[in-house]
Amino acid sequence: MTGGAGFIGSNFCRWLLQNTDVRVTVLDKLTYAGNEASLADLPRDRVELIVGDVCDADLVDSLVARVDGVVHFAAESHNDNSLNDPSPFVQTNVVGTYTLLQAVRAHDKRYHHISTDEVYGDLELDDPDRFCEMTPYNPSSPYSATKAGSDLLVRAWVRSFGVRATISNCSNNYGPYQHIEKFIPRQITNVLCGLRPKLYGQGLNVRDWIHVDDHNAAVWLILNEGTLGETYLIGADGEKSNREVVEEVLSLLGQPRDGFDLVADRPGHDMRYAIDSSKLRAELGWLPTYTTFADGLAATIDWYRDNEAWWRPAKEATEAKYAKQGQ
Ligand code: NAD
Ligand code: TDX
């Protein structure tokens, strides 16, 4: 797998150790978002970390030659960064996916592509529709445009070269080991540091939250039982406004529910994401296990409280970057 030192990838390694017998080779560049500490306690005979770039064709080819299949998590993943400097997004998300596709094509290996609901653009708050597999692509940010581009490369390699691939597009994940630049861990660690949570704009934007373990269980199911060439949307019916999430964080941490600041909005900020995952549920029998958001959030808060050594080194620089943007 690629990107195994990041948020979802490191949780996928843990999920695989607990639920399967597979051995994992992780290819990860250890960018600012990758953290070796997220894998440090895992048994070396089951999880091997190779530090390298998914755009390095020779390295990728040699690694793909020796594995049974590839799950591609590695990406530049943060929208705000993509607005400041799109260049690594184009490189890693588009060229990196191209490089992997050429290798799995050459070695005829099974490939699963991890993508996002953001490729579909956004919905109005009062739109009764949700995204489904037939929704046209309409990405808004440099991040989502490069993810959309990478999805389309996968589709073309399936059709033109017969690559054995599946794609999943998931909604917003939360859980342990998520970088503190992201919304939920930023607000949790702000409160733990005595800072106020920061809501972009009026805090009315809606995200469809899913626990990272539910995402990863779906990925394993699609890898093993999905139909080749197909796309599956993954979502757990977890729509919440950003303001509701911040109020819940504050309340779980014993603070007044209105103890947040409204800050500068994100340019081009997508209003709402919402996933219809009925295909995944009907065809593969997947169901989320974290059905009460407040419980999953409380467990996530406990994790950040108990693992300050994991996030503390990045806190000051992360907040300094946001402060420069008025956020
Ligand atoms: P993350 O930023 O936490 O982790 C990304 C990992 O990829 C890091 O370990 C980083 O070092 C590695 N990486 C980056 N560039 C690389 C390169 N050129 N070569 C090798 N490794 C490189 O991201 P995440 O939140 O875990 O997201 C993982 C995947 O899931 C991404 O493809 C993302 O688009 C997708 N996704 C994320 C979410 C979410 O809510 N976080 C939702 C849907 C889809
Ligand atoms: O401090 C903040 N305040 C705030 O209001 C931050 C960091 C974010 N926000 C808002 C912006 C979004 O509406 O919270 C929402 C979530 O923001 P992010 O955590 O940056 O996630 P988002 O932009 O929705 O993208 C995420 O979900 C889809 C992941 O980062 C992507 O990798 C994934 O594809």
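Look up: the structure comes first, before these words.
Residues numbered from 1 in each chain as written. Chains lettered and ligands numbered in written order. Predicted model: local features only at pLDDT ≥ 70, side-chain atom pairs only at ≥ 80, totals over all residues. Heavy atoms only, no water.

### Some thoughts on the overall build of the chain
Part 1 of the argument: For the chain, the helix and strand inventory stands at 11 helices and 12 strands.
Part 2 of the argument: Taken along its principal axes, the extent of the C-alpha atoms in the chain is 55 × 45 × 35 Å.
Part 3 of the argument: Each of the 327 residues in the chain was classed as buried or not, and the buried ones make up 55%.
Part 4 of the argument: Long-range pairs, those at least 24 residues apart, make up 80% of the contacts in the chain between residues at least 6 apart in sequence.
Part 5 of the argument: In the structure as shown, the chain presents an accessible area of about 13900 Å², 49% of it carried by carbon and sulfur atoms.
Part 6 of the argument: Taking the 31 positively charged and 47 negatively charged side chains of the chain as two groups, their mean positions are separated by 2 Å. (Helix = DSSP H or I, 4+ residues; strand = E, 2+ residues; numbered from the N terminus. Buried < 20%, exposed > 50% of the residue type's maximum accessible area, 1.4 Å probe, protein only. Contact = heavy atoms within 4.5 Å. Areas by Shrake-Rupley, 256 points an atom, 1.4 Å probe, with all protein chains shown as cover. Lys, Arg positive; Asp, Glu negative; His and termini not counted. Charge placed at Lys NZ, Arg CZ, Asp CG, Glu CD.)

### With respect to the environment of Lys240
Part 1 of the argument: Along the chain, Lys240 turns up in strand S11 (residues 239–241).
Part 2 of the argument: The spatial distance from the C-alpha of Lys240 to the C-alpha of Trp209 is 7.3 Å, given a sequence separation of 31 residues.
Part 3 of the argument: Excluding anything up to four places from it in sequence, Lys240 contacts Asn205, Val206, Arg207, Trp209, Val245 and Phe293.

### Observations regarding the site of ligand 1
Part 1 of the argument: Around ligand 1, 28 residues are found, and the nearest of them are Ile8, Asp28, Ser77, Tyr143 and Lys147.
Part 2 of the argument: Taking Tyr143, its side chain carries an N or O atom lying 2.6 Å from an oxygen atom of ligand 1.
Part 3 of the argument: Within the side chain of Lys147, an N or O atom sits 2.6 Å from an oxygen atom of ligand 1.
Part 4 of the argument: Surface burial for ligand 1 is 96%, taken as the share of its 840 Å² of free accessible area covered by protein chains.
Part 5 of the argument: Contributing elements (two or more residues each) for the shell around ligand 1: helix H1 (7–19), strand S4 (110–116) and helix H5 (142–161).
Part 6 of the argument: In terms of residue count, S4 provides more of the shell around ligand 1 than any other element does, 3 residues in total.
Part 7 of the argument: Partitioned by chemical class, the residues of the shell around ligand 1 number 12 nonpolar, 12 polar and 4 charged. (Near = heavy atom within 4 Å. Polar contact = N/O pair within 3.5 Å; in protein donor to acceptor, adjacent residues only side chain to side chain. Nonpolar A, V, L, I, M, F, W, Y, C, P; charged D, E, K, R; others polar.)

### Structural notes on the side chain of Lys182
Part 1 of the argument: Assignment of secondary structure puts Lys182 in the loop between strand S6 (173–174) and helix H6 (183–192).
Part 2 of the argument: There is a polar contact of 3.0 Å between the side chain of Lys182 and the side chain of Glu181.

### Section: helix H4 (residues 87–107)
Part 1 of the argument: An ideal rise of 1.5 Å per residue puts 30 Å on 21 residues; H4 measures up with 29 Å between its terminal C-alpha atoms.
Part 2 of the argument: Bending of H4 peaks at approximately 25 degrees at the position of Gly96.
Part 3 of the argument: Considering only its buried residues, H4 is in contact with helix H2 (57–65), strand S3 (69–72), helix H3 (79–84), S4 and H5. (Expected span 1.5 Å × (residues − 1). Bend = angle between axes of the 7 residues up to and from the residue.)

### Topic: the nonpolar core
Part 1 of the argument: Membership of the largest hydrophobic core comes to 31 residues, with the highest contact counts inside it found for Met1, Cys13, Val71, Ile234, Leu280 and Trp286.
Part 2 of the argument: Residue assignment for this core shows that the elements contributing at least two residues are H1, strand S1 (24–28), helix H7 (212–225), strand S10 (231–234) and helix H9 (278–284).
Part 3 of the argument: If you tally residues by element for this core, the top one is H1, at 7 residues.
Part 4 of the argument: In this structure, Met1 is in contact with Gly9, Phe12, Cys13, Val24, Thr25, Val26, Leu27, Val71 and Phe73, ignoring residues within four places of it in sequence. (Core = buried A, V, L, I, M, F, W, Y, C linked by side-chain atoms within 4.5 Å.)

So, to be careful, I would describe these as geometric facts and stop short of saying anything about function.
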